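Fold and geometry: a report
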Amino acid sequence: MAEAAGRFPMAVTPYYASLIRCLDTSDPVFSMCIPDGRETADPPFLEDDPLGEEADMAVPGLVHRYRDRALLLATTTCAAYCRHCTRKRAAGQTETRIAPARLAQAVDYLSVHPEIHDVIISGGDPFTLGTHALERIIRAVRNVPSVDIIRIGTRTPVVLPMRIDDGLVRMLRRYRPVYVNLHFNHPAELTPAAEAACERLADAGVPLGNQTVLLRGVNDNAPLLAELFRRLLRVRVRPYYLFQCDLVRGVEHFRTPLARGIEIMEYLRGRLSGLAIPTFVVDAPHGGGKIPILPNYIVSTSPTHTVLRNFAGDLVSYPEPYREPDGLSPAAAGPRAADGVWALACGVRVPAETCALAHPASFRRARTGYT
Ligand code: SF4
C-alpha cells in the first residue's frame, strides 16, 4: 500500500472516507480511494497516457482530438484521488492550476479554430478551484464566439458534495449553457448530501450527465448498476457513459473483460427506461477515440428483411423498404419449407411469440423476470 501511495498520490475527503463501511477491498468506497499494492503491477500493455492526450495537445493544457471539441485541463488537483483514474500521470502529481498565460494561449487557439464548438473543462477536478478562479476560466472560454457549449467534468459532488454551494451554482447559471458531467460509480456514493448537490445544480438549470467506470469488484454487477442508474435519473442526472477501464498504469486490478460490460448492457435493456441506460464505450488506446460496444441485436440480414432479436431473446423479422426482387435475394428464391432464421430473412413472417414458445413460459420468466 505504501509503495502504491508513493507512486500515485492519495487524498480522501473526510466526508468520502465516512462512507467506508469495511476497512478492506470488499468495500467499494475503500477500493476506490485507498491505495492498493496491486497498483504497482506493470503488465507491458499498460501506459501512463494510454489515450495519447499529450500527443494531441495543441497548446499546453488544451487537447484537440475531435474536430468540433477540445479538452481544457484546468487543474491537476482533485478533492480525492481515485485509484482508477485515467490521468494518474497528472492528477495530484503536482498541485497546479492553469496559469493566466496558458489560459490566454488556449483561448487564442480556440479563437482561431472556429470549428471547435464544445469545450470540456476538466483536470484534475475544476470544482476544486475557488469559484472566482473557475469563473475566470469559464468566462474566457465563453467569450470565444464560436464556442457553443461548455462542459465541466467533476467528481466533487461525489466526494465533497458540500462544495456545490449557492455561489458556485449562481456563477454557473451566468454562463449557460454549461453542462456538468459527474462521476458516480456505486449506489453507496448517492448519499442524501450527494443527491442534494445534484439537485442544486439541476435547479440552477445545469444539465447533468454521469460517466461511470466499470470496475472489477466495485460495480461489475448488473443489478447494482441498474440501481445506480435508476437512482441517478431520479435526481435528474442522465447516465451518459459506462466506460471500460482504460489501459492505464496502476489500474490493472480494476479491469474487467469486455464481455462483462456487454453482459451488463444486455441486462439493462428491457429492465430500465432508455433514459437510464448509458452507452458502454471503450476509449481506444493511442487516441483512437471512443468506441461504443453493444450486444449484437442483428441476427441476419437480406435485401428484403433484417432479423433482429429483442432484449428477451425473441426473433423479429423487420421488412426493409420494398423493391423488386433482384433474383439474388433469399426472397427471390420464394418461401421454402425452411424455418428458423433463414425463413425470417426470406420474409416468411414468424411471430416473435412462435420463437418464444421454444422456451416454456416458466423458463422465460426465470430468465428475464418478464412473462
Ligand atoms: S476526480 Fe477525476 S481526475 Fe481526479 S482522480 Fe478522480 S478520476 Fe482522476
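Look a little higher up for the structure.
Now for a look at the structure at hand. Owing to the predicted nature of the structure, the values given are computational and were not obtained by experimental measurement.

Observations concerning the site of the ligand
All residues adjacent to the ligand are Cys-78, Ala-80, Tyr-81, Cys-82, Cys-85, Gly-124, Arg-155 and His-183. Per-class residue counts for the shell around the ligand are five nonpolar, two polar and one charged.

Re the pairing of strand 6 (residues 178–182)
Counted residue by residue, strand 6 has four buried out of five residues, so it is predominantly covered. Bridge count for strand 5 (residues 149–153) against strand 6 is four bridges, and the pairing is parallel. Each bridged residue has a counterpart across the sheet, and for Ile-150 the counterpart in strand 6 is Val-178. Pairing between strand 6 and strand 7 (residues 208–213): three bridges, direction parallel. Its bridge partner being in strand 7, Val-180 is matched across the sheet by Leu-208.

Topic: the nonpolar core
Ranked by internal contacts, the top residues of the largest apolar core, which has 88 residues, are Tyr-16, Leu-72, Ile-121, Ile-138, Leu-172, Phe-184 and Leu-208. It is helix 9 (residues 222–234) that provides the largest number of residues to this core, a total of seven residues. With sequence-adjacent residues up to four places away left out, Leu-72 is seen in contact with Gly-61, Leu-62, Ile-98, Leu-103, Ala-106, Val-119, Ile-120, Ile-121, Ser-122, Ile-137 and Val-141.

Remarks on the sheet that holds strand 11 (residues 298–301)
Here we have three strands laid out as an open sheet, ordered 11-12-13, and antiparallel in their pairing. If you trace the sheet from one side to the other, it starts and ends with strand 11 and strand 13 (315–319), each paired once. On average, each strand axis in the sheet is inclined to that of its neighbour by 20 degrees, with strand direction left out of account.

Scoring rules and cut-offs
- Residues numbered from 1 in each chain as written.
- Predicted model: local features only at pLDDT ≥ 70, side-chain atom pairs only at ≥ 80, totals over all residues.
- Heavy atoms only, no water.
- Near = heavy atom within 4 Å.
- Nonpolar A, V, L, I, M, F, W, Y, C, P; charged D, E, K, R; others polar.
- Buried < 20%, exposed > 50% of the residue type's maximum accessible area, 1.4 Å probe, protein only.
- Helix = DSSP H or I, 4+ residues; strand = E, 2+ residues; numbered from the N terminus.
- Pairing = 2+ DSSP bridges.
- Core = buried A, V, L, I, M, F, W, Y, C linked by side-chain atoms within 4.5 Å.
- Contact = heavy atoms within 4.5 Å.
- Axes fitted to C-alpha atoms, helices over the stretch in contact; angles between N-to-C directions.

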